[in-house]
Amino acid sequence: MNLNFLDFEQPIAELQAKIEELRLVGSDNEINISEEIEKLEVKSKALTASIFSSLTPWQISQLARHPQRPYTLDYIQNIFTDFEELHGDRTYGDDKAIVGGIAKLDNTPVMIIGHQKGRDTNEKVRRNFGMSRPEGYRKALRLMKMAERFRMPVLTFIDTPGAYPGVGAEERGQSEAIARNLFELSYLRSPIICLVIGEGGSGGALAIGVGDRVLMLEYSTYSVISPEGCASILWKSPDKASDAAEAMGITSSRLIELELIDQVIKEPLGGAHRDISFTSSEIKNALIENLDTLKYIEIDNLLKLRYERLTQYGVFKA
Amino acid sequence: MSNSWFNKLLPSRIKTEGTSNKRNVPEGLWTKCSACTAVLYRADLVRNLDVCPKCSHHIRIGARRRLDIFLDPEIREEIGAELEPIDSLKFKDSKRYRDRLNQAQKNTSEKDALVVIRGRLNNLPVVAAAFEFAFMGGSMGSVVGEKFFRAVNICMENNIPLVCFSASGGARMQEALLSLMQMSKTSAALAKLSQQGLPYISILTDPTMGGVSASLAMLGDINIAEPKALIGFAGPRVIEQTVRETLPEGFQRSEFLLEHGAIDMIVDRREIRDKVTKIISMLTNRSIPEPVKTEEVNTTPPIVESGDSSDHNTFKN
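Summarised in this report is the structure supplied together with it. Keep in mind it's a predicted model, so treat the numbers as computed, not measured.

**Quick notes on helix H4 (residues 72-79) of chain A**
Line of reasoning, step 1. Within H4 of chain A, burial applies to Thr72, Tyr75, Ile76 and Ile79 of chain A. With its buried residues spanning 105 degrees around the axis, H4 of chain A presents them on a single face.

Shown next, in the form of structure tokens:
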């Protein structure tokens, strides 16, 4: 089994392996088999298209957590220039599960804040799997307040399983840190665009997810609890995660239908990791487009619109 | 009460005062304290506001009773009583959300997990909200969020403070992302209230966890907790599974939160009314109005549903 492919992608992996094999054979011998390879590549593409045309929510949530999926720092490198990372909450520490800093988006200075996961084991541990502690949310808030002072737009990249459930996090006020961000972001005097790039996990995601626009990458997810968590509470069995993913409607296509997000950014065939530069340019275009709209809205008006937007969420019988 | 002299003659166990408090008392004359297992006479317990007379354990109480013992008995107006939940996702786990709602509504006689009443506290006008934990674990979905939002709006329109008693397991999973959005909705509303200079007193009761703790419950100008209430973001079981160690005694209890600076004070249920009165009167720089003479008080006030606004003028500052 090829670990770069998820289980439902294994037929693609097998085809790819065959193509690689042929390439090796081709370079060994003088026989021209490029035609055969081309054929197989067309087939592989068609197979990918067919598998990806009918992904289940559970498969999409696996894609959102794909080990090769680009993380915040990957996008920062591909989309922005002059990035300067800024560290620390000035009170307790520097949470490496959230990164932030100033950078330029097509010559416009912006403040970027995002969850950061690790690629290898060491890095994963250092980044705490993208699960922030209170000091992470407080660092984020500090940077957003700085953006407000210097009239910079705020761009957030969301990719977290959730806020970290640990003893220290509770001692230092995990609840308060999240709540404070929701409170402060509702009237922060800078345009805010939030983009879910992978996992949008619950309160930990929302803590940097309150803004004027909420965008999602096609194969990212956004939910109140992880499918496994929901399954183990409501179905009393974590094996029912795929049912929970289905029931909660955590995918970008479902959430735009429900009008809970504003825009879905297309990913390349097979997911963001198959073509980072394509994904990055799609994101860049979307960010620039949205910022262009937001920057012409007078700030008091923008805050009014944001407040209306935040407080209109809800479906009930009156 | 016209027959109050007569009541004084009766032995304590036959007294009938505080009839409105009886609403949530289940059948049976005797009950056991869940903490010290002392056998208690139920009427004594009710009179003691469901605090165990032997060990001071604060037994969980419902939203109606909570507001009933907190607010002055006269002039109450319920806010948003007409709001009802909708299963917009057609959510179904081992049970359908619709069935869970019906069951909860039948068990609690509430439409959802928050009750909001505009009334008076020692004659100071306030809006008070309380979570009904018995309604799907006091979970916050669209109706809870909207009621809380309306409570804040009434406060802002009339320049009166807000008090909220939380008791909740967190966001309601059956409303999925919509329930997560109630966290930002209620927090945004509280930011507006704060900008208008109106006090918000958050009273955290057992238990206040997850999305409710990480939004409206922790945002009080003053955060008060009842003794030994479980308060936190992640549930203790989840934390134990994550860190793979047993949690220390008293972890995530009110006393732990006070020690770590998350709350201002721990207040005994029997003193909350007067404590909050005092705090609000100081924060708003108003003297506490003269208590109304008991003779003038109707002890069994009807809870008027909103829409009937004949009493509105009495609330204006």
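**Here we look at the packing of helix H6 (residues 134-149) of chain A against helix H8 (residues 174-185) of chain A**
Residues and elements named next belong to chain A.
Line of reasoning, step 1. Where H6 meets H8, the closest approach of the two axes is 8 Å, and the angle between their N-to-C directions is 20 degrees. Between H6 and H8, the crossing angle belongs to the class labelled roughly parallel. The handedness of the crossing between H6 and H8 is left-handed. Between H6 and H8, the contacting residues are Pro134, Tyr137, Arg138, Ala140, Leu141, Met144 and Lys145 on the first element and Gln174, Glu176, Ala177, Ile178, Arg180, Asn181, Glu184 and Leu185 on the second.

**A look at the interface of chain A and chain B**
Line of reasoning, step 1. Taken together, the 44 residues of chain A in the interface contact 55 residues of chain B.
Line of reasoning, step 2. Counting the surface lost from both chain A and chain B, the interface buries some 4,400 Å², and carbon and sulfur atoms represent 74% of this.
Line of reasoning, step 3. The largest share of the area that chain A buries against chain B comes from Leu234, Tyr307 and Phe316 of chain A, three residues that together contribute 15% of it.
Line of reasoning, step 4. Joining chain A to chain B, the criterion identifies 1 salt bridge.
Line of reasoning, step 5. At the junction of chain A with chain B, the criterion picks out 12 residue pairs in polar contact (both at pLDDT 80 or more).
Line of reasoning, step 6. The biggest single contributor to the side of chain A that touches chain B is H8 of chain A, with 8 residues.

**Comments concerning a nonpolar patch on the surface**
Line of reasoning, step 1. Judged by side-chain polarity, Leu29, Trp30 and Val39 of chain B come together as a nonpolar surface patch covering roughly 350 Å² of accessible area.
Line of reasoning, step 2. Given the relative accessible area of 51%, Trp30 of chain B is considered exposed.

The rules we used
Residues numbered from 1 in each chain as written. Chains lettered and ligands numbered in written order. Predicted model: local features only at pLDDT ≥ 70, side-chain atom pairs only at ≥ 80, totals over all residues. Heavy atoms only, no water. Buried < 20%, exposed > 50% of the residue type's maximum accessible area, 1.4 Å probe, protein only. Helix = DSSP H or I, 4+ residues; strand = E, 2+ residues; numbered from the N terminus. Arc of directions from axis to C-beta. Axes fitted to C-alpha atoms, helices over the stretch in contact; angles between N-to-C directions. Parallel < 35°, antiparallel > 145°, perpendicular 65-115°, else oblique. Left-handed = near helix turned anticlockwise from the far one by under 90°. Contact = heavy atoms within 4.5 Å. Buried area = accessible area lost by both parts, 1.4 Å probe. Salt bridge = Lys/Arg side-chain N within 4 Å of Asp/Glu carboxyl O. Polar contact = N/O pair within 3.5 Å; in protein donor to acceptor, adjacent residues only side chain to side chain. Patch = residues over 30% accessible without salt bridge, like charges linked within 9 Å, V, L, I, M, F, W, Y side chains within 5 Å. Areas by Shrake-Rupley, 256 points an atom, 1.4 Å probe, with all protein chains shown as cover.

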